[in-house]
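Reading the structure
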Amino acid sequence: MANFIGVFLRSLEYGSFYALSALSIILVYKTSYTTNFAQATLGMFNTFLVATLVMRQGWSLYAAIPIGIVSAVILGVLIDIVIIRRASKAGPVGKQIITLGLISVFLGLTPIFFGVDNLSLPRFISSGTLTIMGTPFSYNALFNILFGIFIMLTMFATIQKTKIGLAIRTTASNETTARIMGVPTKTVTMAAWAVAIVLSLISGLMTAPYSSVSLTFMNDVQITAFLATVVGGFATFHGPVIAAYGISVLLNIFQVYMPSGTIWGKPLLYAVLLLIMYFKPYGIFGKQRLKKV
Amino acid sequence: MKKIMKHPYSQFILLGLVLLTLPYLAEAGAIRNSTVTVIGTTIIYTIAALGLNVLLGFSGLISLGTAGFMGLAAYISAYVTETMALPFELAVLAAIVIPTLLGILVGILSLKFEGIYLGIATLVVAEIFREIFINVTSFTGGATGALAGRPELFGTFRLDRIQTYYLIVVVMVLIFILIHNLTKGHLGRALNAMRGSEAAAQAMGVNIFKYRLIAFGIATVLASVSGVLYVHYVGLSYPTTWNLMLSLDFLAIIVVGGFRSIFGTFIGSFIIFAMSELFLKPIPALANITPLVKGILIIIFILYYPNGLANIKHQVSHWLARRKGKRDAFGQTKTEKKNLTRAEVRENDTV
């Protein structure tokens, strides 16, 4: 039982990483109508910036994070103004490939700015463990869980209850109508990109201490986040987030309780998800968009 | 003569002949030997991308699993020729049939999905393959990779590097002709109808189930051929090669080159894979910025040529025609266009 609680808490922690990335993907999808394949790379780039400040310049982590957030916001605004706004002529696949172009650009920029070596990043809370029902658990993990849930709740409250959220929802449901109604859709899209990249950065900062900051360290998180968005459905904001936590729990259960689970846990999870997708092709929380003939 | 040159077959064969001369040029010292290798791999990627172009360009179904199927074929071919020591022809057969059956299975699954949901579903399949590549070490050699020799035709002719290159070029020309024929015939029309509207296509008597499976089948066959050629030309295969980035690169080839265009696929492949290798890598100062340049090129091409480079000649000829005062697609000259009223402009837009 103690083991199970440990597994469950760890799932919640990894679920935070996936959910943050999934929320980042769905925000961009809803406002720009494109799947952002560059989500991981943009998160990686900003995490590299923070890691460089901490490891090379000797800054404190808490001083470096605001710089990372500012850089993320600037990147989001620039990407929207310079590229996404001009891509109105490109088709849906074309827009996705633009984000592939972004991956390439930032994979090229990172070694130029931050060098080719992998960096390591300290945890938010460097030491201390507490025991929950006989399971040792670090304060940092607890912080990751709570902070992840806090961000989710803040984002949902903003989207559902505030005027800004209303603007986002209107843009998401129909951009042309939203513009006619006086919603500044361009600003909304720009802000969505900025927030999305900040969310990727936070996901990166949480993930990095468990591996190292390398060019590809976010890729696995991104693929799981994509799965979460599809399983949860692109139709809602909360679907992908709930799916992200669910996938994390499933993955950890497979990996711990299955024989040779560390090897075959992931493929089995993918197969199970494929099965879920087969019976719920528009996501568990999604609904089919009816097409007129 | 001009008529013969206009025929697509002769254009494909001409392209093949031009590519066949490259090894001689390299021998004469006009180009580097590595250039031939880069062009060889570019052709291999063109073949896989062409399969995806049939799937995406004609029938409008997206796949992010191309790299997975290509990798599966590569590993099967390497395993059959090296570990089981069976003839090359048998390896090719196994490496095409097994992935294609799986590809058709994905096609059956795909009936449920649309758009990006289908993309991620195929990505999941490719990720399952990738886990197999990493973990089933007896089959794939795990992280150290699988080795494969050059192809040995009919058990007697062992090809060398240049001869393998010739084989690749010949296969490319044959596939170009085959795909040209298939897509110009009733298959192409059925797929086109399906892309426009599945309901309308069904009403016209197009069997959606059958044609989706055929489209997935063609895409997987070409990905498999490309995987077999890859592993015997490059000589090894790592699990890290067959990831999402490669599948996205194939998509980029099609978008940059142009949907439904065979030459466009070749041009796109050249831009995505060969351009930076040939022009930037040899210069030490620029070698580090190759991904940067590639990314910027992709973005610029999509922003300014959203219909792909294959349509560039139409754009140029339209522009020239308008400059010369000839009539454009709406039957208007440049000066006439300036004098249009607002209502007439709107009418043009709706056309």
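Naming follows an unreviewed UniProt entry, where chain B appears as Amino acid/amide ABC transporter membrane protein 2, HAAT family (TC 3.A.1.4.-) of Alkalibacterium subtropicum. Its UniProt record gives chain B the following Subcellular location (unreviewed entry) comment, quoted word for word: "Cell membrane".

In the annotation of an unreviewed UniProt entry, chain A is listed under the name Branched-chain amino acid transport system permease protein and assigned to Alkalibacterium subtropicum. UniProt annotates chain A under Sequence similarities (unreviewed entry) with the comment "Belongs to the binding-protein-dependent transport system permease family. LivHM subfamily." Taken from UniProt, the Subcellular location (unreviewed entry) comment for chain A reads in full: "Cell membrane".

Of the regular secondary structure elements, chain B holds 18 helices and 4 strands. The C-alpha atoms of chain B give 22 Å as radius of gyration, which agrees with the globular expectation for 351 residues (20 Å, within 12%). By principal-axis analysis of the C-alpha atoms, chain B measures approximately 75 × 55 × 45 Å. With 351 residues in all, chain B has 51% of them scored as buried.

What follows covers the overall build of chain A. Looking only at helices and strands, chain A features 11 helices and 2 strands. Along its sequence from the N terminus, chain A presents helices and strands in the succession α-α-α-α-β-β-α-α-α-α-α-α-α. Overall, the C-alpha framework of chain A stretches about 60 × 50 × 35 Å when taken along its three principal axes. Out of the 293 residues in chain A, the part that is buried amounts to 56%. Contacts in chain A between residues at least 24 apart in sequence constitute 74% of all its contacts with a sequence separation of at least 6.

Residues and elements named next belong to chain A. Inspection of the sheet shows strand β1 (residues 129-132) paired to strand β2 (residues 135-138) by 4 bridges, in the antiparallel sense. Looking at the pairing, Ile132 lines up with Thr135 of β2. Between the antiparallel neighbours β1 and β2 lie 2 residues, among them Met133 with a positive phi of about 50 degrees.

Residues and elements named next belong to chain A. With respect to the element layout, Thr34 can be found in the loop between α1 (2-32) and α2 (39-55). Its relative accessible area of 2% is what places Thr34 among the buried residues. What Thr34 contacts, discounting residues up to four positions off in sequence, is Val28, Tyr29, Lys95, Gln96 and Thr99.

Moving on, we get to the UniProt feature "transmembrane region" (unreviewed entry) in chain B. Mapped onto this structure's residue numbering, the UniProt feature "transmembrane region" (unreviewed entry) falls at residues 38-56, 61-78, 90-111, 162-179, 213-231, 251-273 and 285-305 of chain B. Secondary structure content for residues 251-273 of chain B is 83% helix and 0% strand, while the C-alpha to C-alpha distance between its ends is 12 Å.

With that settled, consider helix α11 (residues 261-279) of chain A. An ideal rise of 1.5 Å per residue puts 27 Å on 19 residues; α11 of chain A measures up with 25 Å between its terminal C-alpha atoms. Within α11 of chain A the residues assigned to the buried category are Gly261, Gly265, Lys266, Pro267, Leu269, Tyr270, Leu273, Leu274 and Met277 of chain A. Where the residues of α11 of chain A are buried, they touch α9 (219-232) and α10 (238-257) of chain A together with α5 (88-110) and α6 (115-135) of chain B.

The subject of this paragraph is the interface of chain A and chain B. Quoted interface sizes are often the accessible area lost when the parts come together. Listed as interface residues are 45 residues of chain A and, on the opposing side, 40 residues of chain B. Of the roughly 3900 Å² buried between chain A and chain B on both sides combined, carbon and sulfur atoms contribute 81%. Inspection of the chain A/chain B interface yields 0 salt bridges. Going through the elements one at a time, α4 (92-114), α9 and α11 of chain A are the ones with two or more residues in the side of chain A that touches chain B. Counting residues per element, the side of chain A that touches chain B draws most heavily on α4 of chain A, at 14 residues. Looking at the side of chain A that touches chain B residue by residue, the class counts come to 32 nonpolar, 8 polar and 5 charged.

This part covers the side chain of Ser214 of chain A. Residue and element names in this part refer to chain A. Relative to the helices and strands, Ser214 is located in the loop between α8 (185-207) and α9. Relative accessible area serves as the criterion here: at 13%, Ser214 is assigned to the buried category. Only 3.4 Å separates the side chain of Ser214 from the backbone nitrogen of Phe217, close enough to count as a polar contact. If we skip the residues at most four places from it in the chain, Ser214 touches Met44, Phe48 and Asn118.

What follows concerns the packing of aromatic side chains. Taken as a whole and judged by the stated rule, the model has 28 aromatic pairs over all chains. Taking 5.4 Å as the distance between ring centres and 40 degrees as the angle between the ring planes, the aromatic pair formed by Phe12 of chain B and Phe263 of chain B counts as tilted. Of this pair, Phe12 of chain B sits in helix α2 (residues 8-28) while Phe263 of chain B sits in helix α13 (residues 262-279); the two residues are 251 residues apart in sequence, bridging distant segments of the chain. Taken together, the ring pairs connect Phe45, Phe48, Phe106, Phe113 and Phe114 of chain A into an aromatic cluster. The cationic tip of Lys30 of chain A hangs over the ring face of Phe237 of chain A; the distance from NZ or CZ to the ring centre is 5.6 Å.

We now examine the pattern of salt bridges. All names here are of chain A. For the structure shown, the criterion picks out 6 salt bridges over all chains. In this structure, the salt-bridge partner of Glu175 is Arg179, at a minimum N-O distance of 4.0 Å. One end of the pair is Glu175 and the other is Arg179, both in helix α7 (residues 175-180) and 4 residues apart, which spans about a single turn. Residue class for Glu175 comes out partly exposed when judged on its relative accessible area of 26%. Linking Lys266 and Asp220 is a salt bridge whose minimum nitrogen-to-oxygen distance equals 3.5 Å. With Lys266 in helix α11 and Asp220 in helix α9, this pair connects stretches of sequence that are 46 residues apart. A relative accessible area of 18% means that Lys266 is categorised as buried. Since its relative accessible area comes to 43%, Asp220 is described here as partly exposed.

Now for the UniProt feature "transmembrane region" (unreviewed entry) in chain A. Residue and element names in this part refer to chain A. With numbering matched to this structure, UniProt assigns "transmembrane region" (unreviewed entry) to residues 12-29, 36-55, 61-84, 96-116, 136-159, 188-211, 223-247 and 268-285. For residues 61-84, helix accounts for 92% and strand for 0%, while the C-alpha atoms at its two ends are 32 Å apart. Within residues 268-285, the helical portion is 67% and the strand portion 0%, while the C-alpha atoms at the span's ends are 23 Å from each other.

Cut-off values and rules
Residues numbered from 1 in each chain as written. Chains lettered and ligands numbered in written order. Predicted model: local features only at pLDDT ≥ 70, side-chain atom pairs only at ≥ 80, totals over all residues. Heavy atoms only, no water. UniProt positions renumbered as here; feature names shortened; annotations may be inferred. Helix = DSSP H or I, 4+ residues; strand = E, 2+ residues; numbered from the N terminus. Rg over C-alpha atoms; globule rule 2.2 N^0.38 Å. Buried < 20%, exposed > 50% of the residue type's maximum accessible area, 1.4 Å probe, protein only. Contact = heavy atoms within 4.5 Å. Pairing = 2+ DSSP bridges. Expected span 1.5 Å × (residues − 1). Buried area = accessible area lost by both parts, 1.4 Å probe. Salt bridge = Lys/Arg side-chain N within 4 Å of Asp/Glu carboxyl O. Nonpolar A, V, L, I, M, F, W, Y, C, P; charged D, E, K, R; others polar. Polar contact = N/O pair within 3.5 Å; in protein donor to acceptor, adjacent residues only side chain to side chain. Phe/Tyr/Trp six-rings, centres within 6.5 Å; stacked < 30°, edge-to-face > 60°. Lys NZ or Arg CZ within 6 Å of the ring centre and 35° of its normal.

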